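Structural overview for review
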Amino acid sequence: MAASKLLVSDIASVVDHVPSNYVRPVSDRPKMSEVQTSGDSIPLIDLHDLHGPNRADIINQFAHACSSCGFFQIKNHGVPEETIKKMMNAAREFFRQSESERVKHYSADTKKTTRLSTSFNVSKEKVSNWRDFLRLHCYPIEDFINEWPSTPISFREVTAEYATSVRALVLTLLEAISESLGLAKDRVSNTLGKHGQHMAINYYPRCPQPELTYGLPGHKDANLITVLLQDEVSGLQVFKDGKWIAFNPVPNTFIVNLGDQMQVISNDKYKSVLHRAVVNTDKERISIPTFYCPSEDAVISPAQELINEEEDSPAIYRNFTYAEYFEKFWDTAFDTESCIDSFKASTA
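Being a predicted model, the structure only gives us computed values, none of them experimental.

1. Some details on the sheet that holds strand S11 (residues 254-258)
- Taken in spatial order, the eight strands make up an open sheet running S2-S3-S11-S8-S13-S6-S5-S4, and their pairing is mixed. In this open sheet, the two edge strands, each paired with only one partner strand, are strand S2 (44-46) and strand S4 (114-118). Each strand of the sheet is rotated relative to its neighbour by a mean of 25°, with strand direction disregarded.
- By the bridge criterion, five bridges tie S4 to strand S5 (residues 132-137) in an arrangement that is antiparallel. Within the sheet, the bridge partner assigned to Ser117 lies in S5 and is Phe133.

2. Remarks on the pairing of strand S6 (residues 196-204)
- Burial runs high along S6: nine of the nine residues are buried.
- Burial along S6 is two-sided: the face carrying Gly196, His198, Ala200, Asn202 and Tyr204 and the face carrying Gln197, Met199, Ile201 and Tyr203 are both buried.
- Two elements, S5 and S6, share six bridges in a ladder whose sense is antiparallel. Paired with Phe133 across the strands is Asn202, a residue of S6.
- Where S6 lies against strand S13 (residues 285-293), seven bridges are found, and the strand directions are antiparallel. Paired with His198 across the strands is Phe291, a residue of S13.

3. Topic: the UniProt feature "domain: Fe2OG dioxygenase" (unreviewed entry) in the chain
- As annotated in UniProt, the feature "domain: Fe2OG dioxygenase" (unreviewed entry) corresponds to residues 194-294 in the numbering used here.
- Between the first and last C-alpha atoms of residues 194-294 the distance is 7 Å; the span itself is 6% helix and 45% strand.

4. Focus on the state of the cysteines
- Summed over the entire model, instances satisfying the criterion amount to zero disulfides.
- The thiol of Cys66 is unpaired, and the distance to the nearest cysteine sulfur, on Cys69, comes to 9.4 Å.

5. Concerning the pattern of salt bridges
- Going through the model one piece at a time under the given rule, you end up with 13 salt bridges.
- The salt bridge partner of Glu161 is Lys86, with a shortest N-O separation of 3.1 Å. Taken as a pair, Glu161 in helix H6 (residues 155-180) and Lys86 in helix H3 (residues 81-95) lie far apart in primary sequence, 75 residues in all.
- Take Glu161: its relative accessible area is 31%, and that puts it in the partly exposed class.
- For Lys86, a relative accessible area of 30% corresponds to the partly exposed category.

6. Structural notes on the packing of helix H2 (residues 55-68) against H6
- In contact at an axis separation of 8 Å, H2 and H6 are set at 80° when each is read in the N-to-C sense. One way to sum up the angle between H2 and H6 is to call them roughly perpendicular. From H2, Arg55, Ile59, Phe62, Ala63 and Cys66 reach across to H6, where they touch Leu173, Glu175, Ala176, Ile177, Glu179 and Ser180.
- Across the contact of H2 with H6, the residue classes break down as seven nonpolar, one polar and three charged.

7. As for H2
- Taking 1.5 Å of rise per residue, 14 residues should cover 20 Å, and H2 covers 20 Å from first to last C-alpha, within 8% of that figure.
- For H2, the set of buried residues is Arg55, Ile58, Ile59, Phe62, Ala65 and Cys66. Viewed end-on, H2 has its buried residues packed into an arc of 125°, placing them on one side of the element. Those residues of H2 that are exposed and angled more than 90 degrees off the buried face are Ala56, Asn60 and His64.
- Considering only its buried residues, H2 is in contact with S2, strand S3 (71-75), H6 and S11.

How each quantity is defined
- Residues numbered from 1 in each chain as written.
- Predicted model: local features only at pLDDT ≥ 70, side-chain atom pairs only at ≥ 80, totals over all residues.
- Heavy atoms only, no water.
- Pairing = 2+ DSSP bridges.
- Helix = DSSP H or I, 4+ residues; strand = E, 2+ residues; numbered from the N terminus.
- Axes fitted to C-alpha atoms, helices over the stretch in contact; angles between N-to-C directions.
- Buried < 20%, exposed > 50% of the residue type's maximum accessible area, 1.4 Å probe, protein only.
- UniProt positions renumbered as here; feature names shortened; annotations may be inferred.
- Disulfide = S-S within 2.5 Å.
- Salt bridge = Lys/Arg side-chain N within 4 Å of Asp/Glu carboxyl O.
- Parallel < 35°, antiparallel > 145°, perpendicular 65-115°, else oblique.
- Contact = heavy atoms within 4.5 Å.
- Nonpolar A, V, L, I, M, F, W, Y, C, P; charged D, E, K, R; others polar.
- Expected span 1.5 Å × (residues − 1).
- Arc of directions from axis to C-beta.

Put into structure tokens, the structure is as follows:
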């Protein structure tokens, strides 16, 4: 019965154990007893003063968070609470639809701009992940909105409102991060061509044996910057100082992490960060990352202002198009370290 199901959410409802194709090798399991809780180890940046007299102090907080951690939380971010609530409700309603309604959107083609799928890249990976996801391209919205699911009834309207609001937040974050690198505030944004924005709605069903599998294994993000909305269920873990640290959700905050393109543009001053998602026996979990990225034709390289051959700061990465990088990322099936390494300059 389970073998005929496309989505793990439909498998989870009919099994009392994890099917063998989801079971990780013993050396690659979550080992939850070794995980620490975040406490104050993940920076929290209050954006309230970003456009006031204390801007320099907030920029310094960005510099510290990006160079020391690459993962941080933000509050007073300007995305309306009602917009967030409606988005989370629409996500939940989508995954509560019947199997026949959901699978209308199913595709294993990683190049499709709107698709429901499962795990990560089912055609490449050896072990599956305990996750279903709806992936949407959403900038410019008018290019993609008519591909998006038309049910639940308000899905397109709610998602468009949320994506627009988060994009405005991202542009604010990019200015601050650019300044924190000592660059003009529009410098990072100007490297992105026409810009791109994707969203995923991740659904992690309850799992009968969460110690054997992952929602997503350890990976880094291929894009520039990710802004994550999550429900009240813990599951996100970040690798910091040689340890996995569990992120307990904080209401009315977003989690922000840097991706590979920021690592390249900053010439390794800021790093993309290893993170993963674990599952549990008690509660389903929903997370909604917004992946902000260059447009496919944008040529990415270290910012010239950060390169100084005489002071031993050569360009660490070669020039490449984002399309080239993104294709490599999906092909690596989450071996993300080797992905970015393959774009290093020959002298680096």
